[in-house]
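Take a look at the letters that make up each chain.
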Amino acid sequence: MSVNGDLALQAELPVLIRTAAELARHCDRAEHNEQVDRAKLLGAAADLRAMGWRLSAGFGADLRQRYADRLEMLESRHPLAGGGAFDGGEAVRVSKTLLELQRAQIRHDMVYHPDVAGMPKYAQLRHFTLHLTKLTALLLDAIDGHDRDDFVNHRIADIFIFGIKISTVAGERLSEEVIGA
């Protein structure tokens, strides 16, 4: 484990905790029919995407490749794998913009996660909040030296993916600017 990677994990823990808490606050307020702030929701999504880039850089990892690998792993376990079903890994690898990644993620979710993609938006956000809470515990475990490789190889991509998913559920169209290779 690199010193830069260790420092990156430690630096991101409070960010992930606050982001998960902001999503929980949003869901709680929505559930109580209270005022919610869409800007904070979009900010949380942007923070997750930025965190994915920072953590990947801290480990010298190619985030886009890890993202593609993660989708391929998830898709390979699904009954529709192969046989002409949507190839999310390839769609991510050829994506040049955040908008193209967003479109690839939407298609992946529609084919491989229709149970979640078909939920009302609020229920999707609550589901994502549960995942982010789980990712927070996994990040803490990685900092403590448990399953670091799994976190680096899979969970950093998951953090980034949820940054895209939250933007999508909130109705944000991501940027068409070309992103780094």
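Placed above this text is the structure.
In this report, we go over the structure that sits alongside the text.

Rules used in this analysis
- Residues numbered from 1 in each chain as written.
- Predicted model: local features only at pLDDT ≥ 70, side-chain atom pairs only at ≥ 80, totals over all residues.
- Heavy atoms only, no water.
- Helix = DSSP H or I, 4+ residues; strand = E, 2+ residues; numbered from the N terminus.
- Rg over C-alpha atoms; globule rule 2.2 N^0.38 Å.
- Buried < 20%, exposed > 50% of the residue type's maximum accessible area, 1.4 Å probe, protein only.
- Contact = heavy atoms within 4.5 Å.
- Areas by Shrake-Rupley, 256 points an atom, 1.4 Å probe, with all protein chains shown as cover.
- Lys, Arg positive; Asp, Glu negative; His and termini not counted.
- Charge placed at Lys NZ, Arg CZ, Asp CG, Glu CD.

Moving on to the overall build of the protein chain. Summing up its helical and strand segments, the protein chain has eight helices and zero strands in all. Beginning at the N terminus, the succession of helices and strands in the protein chain can be written as α-α-α-α-α-α-α-α. Here the C-alpha radius of gyration of the protein chain, 16 Å, is about what a compact globule of 181 residues would show, namely 16 Å. Taken along the three principal axes of its C-alpha coordinates, the protein chain extends 45 × 40 × 35 Å. Relative to its 181 residues, the protein chain shows a buried fraction of 44%. Partitioning the contacts of the protein chain with sequence separation of at least 6, the portion at a separation of at least 24 is 78%. Element-wise, carbon and sulfur atoms account for 54% of the exposed surface of the protein chain, whose accessible area totals about 9100 Å². Looking at the protein chain, you have 22 positive and 26 negative side-chain charges, and the mean spots of the two groups are 3 Å apart.

It is generally the case that most residues other than glycine have a negative phi and that most peptide bonds are trans. If you check the backbone angles, Asn-33 has positive phi at about 55 degrees while not being a glycine. Examined against the element boundaries, Asn-33 turns out to sit in the loop between helix H1 (3–31) and helix H2 (38–58). Residue classification places Asn-33 among the exposed positions, given a relative accessible area of 74%. We note that Asp-147 has phi near 55 degrees; this positive angle belongs to a residue other than glycine. Tracing the sequence through the fold places Asp-147 in the loop between helix H7 (121–143) and helix H8 (148–169).

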